[in-house]
Amino acid sequence: MEKRPRPGQPPGYDSGMPTRPPATAPFPLPTLAAGASGALVVAFSGGLDSGVLLHRLANEPALRARGLRAVHVHHGLQAGADDWAAHCRRQARALEVPLQVMQVTVDRRSGLGLEAAARAARYAALQATMAAGEVLATAHHLDDQAETFLLRALRASGTDGLGAMRPLRRFGTGWHWRPLLALPRLTLRAYADAHGLDWIEDPGNATPDPERNFLRLQVLPLLRSRWPHAATALARSAGLCAEADALLAQEDARLLDAMQVAGDRRSLHLPALLAAPAPRRARLLRRWLAGLDLPPLPARGVEWIERDLVASRADAQPAFAWSGARVLRWRQLLHADRVRAPLPPHWSTTWDGRAPLPLPEGGCLSLHDAAGQAVAGFALPVQVRARRGGERIVLPGRSHSHALKHLLQEYGVPPWRRAQLPLLTDPQDRLLAAGDAIVSAELASWLQARHWQLAWQAPGDCAAAR
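A brief structural summary. (Residues numbered from 1 in each chain as written. Predicted model: local features only at pLDDT ≥ 70, side-chain atom pairs only at ≥ 80, totals over all residues. Heavy atoms only, no water.)

## What about the layout of surface pockets?
Here is step 1: Its boundaries defined by the atoms lining it, the second largest pocket holds a volume of some 410 Å³.
Here is step 2: Around the second largest pocket sit 18 residues that line it, and Ala262, Gly263, Asp264, Arg417 and Asp436 are the ones nearest its centre.
Here is step 3: Where the lining of the second largest pocket is concerned, the elements lending two or more residues are strand E8 (264–269), helix H14 (415–418) and strand E21 (452–457).
Here is step 4: In terms of residue count, E8 provides more of the lining of the second largest pocket than any other element does, three residues in total.
Here is step 5: Broken down by class, the residue content of the lining of the second largest pocket amounts to nine nonpolar, four polar and five charged. (1 Å grid on protein atoms, 1.4 Å probe; cavity = no way out; pocket = protein on both sides within 12 Å on 5 of 7 lines; lining within 4 Å. Points joined across faces, edges and corners; volume = space filled by probe spheres on them. Helix = DSSP H or I, 4+ residues; strand = E, 2+ residues; numbered from the N terminus. Nonpolar A, V, L, I, M, F, W, Y, C, P; charged D, E, K, R; others polar.)

## What to know about the sheet that holds strand E4 (residues 135–137)
Here is step 1: Spatially, six strands are ordered E3-E2-E1-E4-E6-E5 in an open sheet, and the strand pairing comes out mixed. Edge strands, defined here as strands with exactly one partner in the open sheet, are strand E3 (99–103) and strand E5 (168–171). Strand after strand, the sheet turns through a mean of 30 degrees between neighbouring axes, direction not considered.
Here is step 2: Looking at chain direction, E4 and strand E6 (residues 174–177) are connected through three bridges and run parallel. Each bridged residue has a counterpart across the sheet, and for Ala137 the counterpart in E6 is Trp177.
Here is step 3: Together, strand E1 (40–43), strand E2 (68–74), E4 and E6 form the strand contacts of helix H1 (residues 48–58), whose direction differs from that of E1 by roughly 155 degrees.
Here is step 4: Packed on one face of the sheet, helix H3 (residues 81–94) meets E2 and E3 and runs near 170 degrees to E2. (Pairing = 2+ DSSP bridges. Axes fitted to C-alpha atoms, helices over the stretch in contact; angles between N-to-C directions. Contact = heavy atoms within 4.5 Å.)

## What to know about helix H8 (residues 211–226)
Here is step 1: The terminal C-alpha atoms of H8 lie 22 Å apart, and with 16 residues this matches the ideal 22 Å at 1.5 Å per residue to within 8%.
Here is step 2: Maximum bend of H8: about 35 degrees, positioned at Val219, with proline Pro221 one to four residues after it.
Here is step 3: When H8 is considered as a whole, its buried residues turn out to be Arg212, Asn213, Leu215 and Leu220.
Here is step 4: Buried residues belonging to H8 abut helix H5 (142–154) and helix H9 (230–259). (Expected span 1.5 Å × (residues − 1). Bend = angle between axes of the 7 residues up to and from the residue. Buried < 20%, exposed > 50% of the residue type's maximum accessible area, 1.4 Å probe, protein only.)

Okay, here's the thing in structure tokens:
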């Protein structure tokens, strides 16, 4: 039976101050990998699980020495959210752990559903607080892992999804650690009772509405009535799937490296992809798209890409779009990116070449030496503008001009690059270059004499140059 709140306190709130961490603790903590050696950042909701995690970590002098702090994300979705934040401040102060409270706005129109949208906002806020190499610690436990495995199975996931939550994974420029993942919640409750901890119960956990709560409140108790170790068995299956997925992922990475277009991780050589068996192709497509910072694919997204793009005619140019992203097929390439607007048709600017030039819809132009260093720039500024149609250019070794439209086809510049293609012209509006794909005889000779290079990086690929 839960402790009852005192009058005037929010439902489920336990009012007493926590004790200082005792000298010993009843359960060990898993050892962190050598690479995850930064300070620890605890995601602290004020509930039982994260309260036990914070208390347990605060009991480790070595972890305090490397740096230990807590972050509470204030979603503002419950009437008692301010009281929860105040509770977290008291708990952290009693444990002498620094606490940061971050208020976030949950995008209710994201299409993810309220629970998933809140999760996305929470992790974005947590990541924003972390420096490179730091370790986010969350209180997911064995029962959470069993629920995740069942949810993924009901969504027909493969080994990557059925692997559920990993004990340690990369998280932005740091790490995400789940040190309680092998422990059932009963163990955490026993720890909290033994140490006199107080916590808040989220009233949302008592309603069987979200899918996870339905599993937690109805399905798993029924399974345990027949198989007492059901949660342990499901979590073990998740671990075995994660191990199998890790082995498959090694081969996936090797194959993807061979399939990706040099210098363009957003494009794949289709013949190489088609040479793989269908189950492997599905894995490769998922892994490739997951690494491009795109919105999650719909449930049958890979199946649709296989049917409509991979298996289409060689002369077709089909596309599959979802949530502001798309995969295109062109000739023997697949290309994935967010849907990006072309350069504004009437946009133009001058550029002296001394510093990278950011372009309106993303991407940039730069002029540098062979070592990638900035150079003195052009003798006279050039004009940079969007395509308008009818442009012609004189290529090295040629005495006559060629239509830019035909050269873009001949050089195999794909449609998704043409839309953002910046043109460089001289004061007489003579075409000097189309990005870095097509360079005129005059500009090529000038660059070669100085051992300089003109580089155009498409949207999303020029952060370093800026």
